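Spelled out from the first residue to the last, the chains are:
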Amino acid sequence: MEAVDHGPPARPEALCMLSVSVEPAHRAAGHAERLLTEARHRAAEDGPRGVIIPVRPTRKPRYPLIPIETYAAWSGPDGRCFDPWLRTHLELGARQLAIAEASLVIRQPVERWEAELGHPLPGPGDHPLPGGLVPLRVGEDRHGTYTEPNVWVHHTPAPRP
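This structure is a prediction, so every number in the text was calculated from the model and none was measured. (Residues numbered from 1 in each chain as written. Predicted model: local features only at pLDDT ≥ 70, side-chain atom pairs only at ≥ 80, totals over all residues. Heavy atoms only, no water.)

J.: Sorry if this is basic, but what is going on with the layout of surface pockets here?
T.: Rolled over the atoms, a probe as big as a water molecule pinpoints where empty space is left. Here the largest pocket is characterised by a volume of approximately 750 Å³. Taken together, 33 residues form the lining of the largest pocket, with Val20, Arg27, Arg56, Thr58 and Trp85 sitting closest to its centre. The set of elements that each furnish at least two residues to the lining of the largest pocket consists of helix 2 (31-46), strand 2 (51-55), helix 4 (84-91), strand 3 (95-109) and strand 6 (143-155). Counting residues per element, the lining of the largest pocket draws most heavily on helix 4, at 5 residues. For the lining of the largest pocket, the residue count by class is 15 nonpolar, 9 polar and 9 charged. Of the voids in this model, the second largest pocket is the one considered here, and its volume is about 270 Å³. Residue lining of the second largest pocket: 14 residues in total, with Asp126, Val134, Pro135, Arg137 and Thr147 positioned closest to the centre. Broken down by secondary-structure element, the contributors of at least two residues to the lining of the second largest pocket are helix 3 (68-73) and strand 6. (1 Å grid on protein atoms, 1.4 Å probe; cavity = no way out; pocket = protein on both sides within 12 Å on 5 of 7 lines; lining within 4 Å. Points joined across faces, edges and corners; volume = space filled by probe spheres on them. Helix = DSSP H or I, 4+ residues; strand = E, 2+ residues; numbered from the N terminus. Nonpolar A, V, L, I, M, F, W, Y, C, P; charged D, E, K, R; others polar.)

J.: Any chance you could explain helix 4 here in plain terms?
T.: If you check which residues of helix 4 are buried, you get Trp85, Leu86, Arg87, Thr88 and His89. On its buried face, helix 4 sits against helix 2, strand 2, helix 3 and strand 6. Here helix 4 starts with a cap whose side-chain oxygen sits 3.1 Å from the backbone nitrogen of Trp85, and that cap is Asp83. Looking one or two residues past helix 4, Gly93 carries a phi angle of roughly 100 degrees, positive in sign. (Buried < 20%, exposed > 50% of the residue type's maximum accessible area, 1.4 Å probe, protein only. Contact = heavy atoms within 4.5 Å. Polar contact = N/O pair within 3.5 Å; in protein donor to acceptor, adjacent residues only side chain to side chain.)

J.: In this structure, what is going on with the packing of aromatic side chains? I would like to understand it.
T.: The geometry of an aromatic ring pair is captured by two quantities: the separation of the ring centres and the angle between the planes. As enumerated under the stated definition, the model contains 6 aromatic pairs in all. Aromatic side chains Tyr63 and Trp74 sit 5.2 Å apart centroid to centroid with 85 degrees between the ring planes, which places their arrangement in the edge-to-face category. Residue Tyr63 is located in the loop between strand 2 and helix 3, and its partner Trp74 is located in the loop between helix 3 and helix 4; the two are separated by 11 residues in the primary sequence. A relative accessible area of 27% means that Trp74 is categorised as partly exposed. An aromatic cluster of at least three residues, connected via ring pairs, comprises Tyr63, Tyr71, Trp74 and Phe82. The aromatic ring of Phe82 is capped on one face by Arg59, whose charged end is 5.0 Å from the ring centroid. (Phe/Tyr/Trp six-rings, centres within 6.5 Å; stacked < 30°, edge-to-face > 60°. Lys NZ or Arg CZ within 6 Å of the ring centre and 35° of its normal.)

Dropping the structure here:
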């Protein structure tokens with residue numbers, strides 16, 4: 001509300017990256033790490049509190065029935081974070097701030113979902129959604145709601161070497 005009442009601050013307190021993605025053909029080449037490192041450098045110059053990012057875990061669509069808080073806490077046999085994208089953040093020094101249960105909410109009539117999915121949704125309940133982190137919930141009112149969670153992380157600023 002401060003910015004609404006008094007205008008934006010002369011200098012931002014933190015940077016926020018609302019969407020960070022790398023084209024699948026270019027993943028595992030270090031681009032994400034370079035991008036996040038550059039954001040941390042810029043935060044040291046422009047946003048003294050660092051960088052905050054809502055992370056959409058990349059492997060979560062394989063486990064849509066697992067609650068996000070449980071999924072985010074999983075580790076692999078090596079003890080590292082199970083999810084590759086969340087692991088990238090944590091291994092660069094980010095800390096997990098919080099789980100956002102409803103970071104993206106899409107509510108549409110069932111007919112629209114059916115057209116997009118290419119198959120009928122004959123009744124209420126939870127339906128698999130390709131690529132979704134959670135199922136699509138169809139209600140008695142014949143509307144489908146997709147409520148996607150994410151994991152907010154904070155990266156501290158990193159001055160340039």
